[in-house]
Amino acid sequence: LNRIHDSLAVYRINKRTGYLMNIGFVPSLGRTPRFMTFDPEQKTHLYVANEDSDMIVEMQVNAEFATVQPTGRIIRTESPVCITFR
């Protein structure tokens, strides 16, 4: 998470070396991204808690192509700083 420019860093893991390679940045679609987590079951969605814009944004993750794209689903809530699943 990059709070300075409200974005997520996207990395690819080099299978030979295990090193990370920066692919780029994706906007968090809110102000002050505070926390992010994958969905606990499929690991195909990423949820980003944007503290100062009072919302959680759902993103679709494609590990094969190293892409992260917003799904359009936004959950409005006051100052999210953590996400837990039950």
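Everything here concerns the structure above.
Read on for a plain summary of the structure. (Residues numbered from 1 in each chain as written. Predicted model: local features only at pLDDT ≥ 70, side-chain atom pairs only at ≥ 80, totals over all residues. Heavy atoms only, no water.)

### Some thoughts on the overall build of the chain
The condition is simple: Elements are defined by DSSP. Helices are runs of H or I of four residues or more, strands are runs of E of two residues or more, and each kind is numbered from the N terminus. Note on method: radius of gyration uses C-alpha positions; expected globular size equals 2.2 Å times residues raised to 0.38. Three labels apply to residues, based on accessible area from a 1.4 Å probe with only protein chains included: buried if under 20% of the type maximum, exposed if over 50%, partly exposed otherwise in between. In this analysis, two residues are considered to be in contact whenever any of their non-hydrogen atoms come within 4.5 Å of each other. Only the protein chains shown count as cover for residues, and the accessible areas themselves come from Shrake-Rupley with a 1.4 Å probe.
Summing up its helical and strand segments, the chain has 0 helices and 6 strands in all. Secondary structure elements in the chain, listed N-terminal to C-terminal, are β-β-β-β-β-β. What you see for the chain is a C-alpha radius of gyration of 13 Å, in line with the 12 Å of a compact globule of 86 residues. Each of the 86 residues in the chain was classed as buried or not, and the buried ones make up 31%. Long-range pairs, those at least 24 residues apart, make up 35% of the contacts in the chain between residues at least 6 apart in sequence. As presented, the chain carries roughly 6,200 Å² of accessible surface, and 52% of it is formed by carbon and sulfur atoms.

### Thoughts on the nonpolar core
General note: in soluble globular proteins, nonpolar side chains tend to be found buried as a group. To keep it simple, the criterion reads: Working definition of a nonpolar core: buried Ala, Val, Leu, Ile, Met, Phe, Trp, Tyr and Cys residues. They are joined through side-chain atoms within 4.5 Å.
One finds Leu-8, Val-10, Val-26, Leu-46, Val-48, Met-55, Val-57, Met-59, Val-61 and Val-68 forming the largest nonpolar core, which totals 10 residues. Within the residue set of this core, elements represented by two or more residues are β1 (7–13), β4 (45–50) and β5 (55–62). Among the elements that take part in this core, β5 stands out by supplying 4 residues, more than any other. Those residues in contact with Val-48, other than ones at most four positions away along the chain, are Leu-1, Leu-8, Ser-28, Pro-33, Phe-35, Met-36, Met-55, Ile-56, Val-57, Met-59 and Ile-83.

### Side note on unusual backbone geometry
A positive phi angle, near 60 degrees, is found at Lys-43, a position not held by glycine. In this structure, Lys-43 sits in the loop between β3 (33–38) and β4. Within the chain, Ser-79 stands out as a residue other than glycine whose phi angle is a positive 40 degrees. Structurally, Ser-79 can be placed in the segment after β6 (67–76).

### Section: the layout of surface pockets
For the record, the criterion: Here a cavity denotes a set of grid points, spaced 1 Å apart and computed over the protein atoms alone, in which a 1.4 Å probe fits but from which it cannot get out, and a pocket denotes an open set meeting protein on both sides within 12 Å along at least five of seven lines; residues with an atom within 4 Å of a point are reported as lining. Grid points are joined across faces, edges and corners, and a volume is the space filled by probe spheres set on the points.
When its volume is computed, the largest pocket comes out at roughly 490 Å³. Contributing to the lining of the largest pocket are 20 residues, with Val-10, Tyr-11, Phe-38, Val-61 and Ala-63 lying nearest its centre. The set of elements that each furnish at least two residues to the lining of the largest pocket consists of β1, β2 (20–27), β3, β5 and β6. Ranked by residues supplied to the lining of the largest pocket, first place goes to β1 with 6 residues.

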